[in-house]
Amino acid sequence: MVKFTNKFSLFVFIFLGIFSYSQEKKQFSNVSNILQNIIPNIKTDSWVLIHKSYGKDNIIKQSGAVKDYIPQSSGFNIGIAEEDEFYYIVYSSGVKTEYVTDLDGLKKFVGKVDDIQDAAIFAATEGYIVDEEFRDMAGNYYEDKSNYYLDLGKLTSKECPYQKKHFTLTISKSAGTITNVKDNGAYIELYNKKCTNNPRLLKIVKKEEPKDEPKKSTKSTKRR
């Protein structure tokens, strides 16, 4: 009986250790690293992943011989980026050269969700972002046997205030679809001076409101 109890306790300890390890959140290192792990779902002879920043093309992933290509003026991103910064993919199949310059094209290129990187890319095609600056809230993940769980950001307002929220997405490993979205609230809210709903501005306006003047008496004075 003692031996059975000891074995059972050991089993429980190991199980809990594995379970807690599987639930431990890991942070995505950066957007480039996620994209470099792409495994194309379509047949290609060669393909390259290019990061364009301030007009300069940098090849960050290459599979096969690089063929001549036309530098692109627009592309995709799965994170927060500067205006003049994006990624695009050039791939060849036979004599044809094709370009992936938007998230829909990226989704077709990647295809089925096979790993956590694919899950992050799929989430990006649904409007979510890996926020490298706030990875503890909007750039981490964990997984179990059935699902990937990703904490990602989303730009929810470009108006006043500029706002980003963070969400926990559950992506099914078998179906490769989002099965649950948990809204964790805003983690960035930025107001500018022109925002009519700026709380600071409203306080200033309230302070400057003139006080009501005392009402004048309407009674007429009789002459003696």
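Residues numbered from 1 in each chain as written. Predicted model: local features only at pLDDT ≥ 70, side-chain atom pairs only at ≥ 80, totals over all residues. Heavy atoms only, no water.

Right, let's get into the packing of aromatic side chains. One pass over the structure, following the stated rule, counts nine aromatic pairs. Seen from their ring centres, Phe86 and Tyr88 are 6.4 Å apart, and the 40° between their planes marks the pair as tilted. Residue Phe86 shares its accessibility class with Tyr88, and that shared class is buried. The interplanar angle of 20° and the centroid separation of 4.7 Å between the aromatic rings of Tyr142 and Tyr149 together place this pair among those described as stacked. A relative accessible area of 15% means that Tyr149 is categorised as buried. Put simply, the rings of Trp47, Tyr91 and Phe109 touch in pairs and so form one group of aromatic residues. Over the ring of Tyr128 we find Lys154, and its NZ or CZ is 4.6 Å from the ring centre. Here the guanidinium or amino end of Lys173 rests over the ring plane of Tyr148, the centre of that ring lying 5.0 Å away. (Phe/Tyr/Trp six-rings, centres within 6.5 Å; stacked < 30°, edge-to-face > 60°. Buried < 20%, exposed > 50% of the residue type's maximum accessible area, 1.4 Å probe, protein only. Lys NZ or Arg CZ within 6 Å of the ring centre and 35° of its normal.)

Our focus in this paragraph is the sheet that holds strand β9 (residues 178-190). Sheet architecture is open: five strands sit in the order β1-β6-β7-β8-β9, paired in antiparallel fashion. Two strands lie at the open edges of the sheet, namely β1 (26-27) and β9, each paired on one side alone. Taken together, the five bridges between strand β6 (residues 139-143) and strand β7 (residues 147-157) define a ladder with antiparallel strand orientation. Looking at β7, one finds that Tyr141 is bridged to Leu150. The strands that helix α4 (residues 116-125) touches are β6, β7, β8 (162-172) and β9; relative to β7, the one it contacts most, it runs at about 25°. (Pairing = 2+ DSSP bridges. Helix = DSSP H or I, 4+ residues; strand = E, 2+ residues; numbered from the N terminus. Contact = heavy atoms within 4.5 Å. Axes fitted to C-alpha atoms, helices over the stretch in contact; angles between N-to-C directions.)

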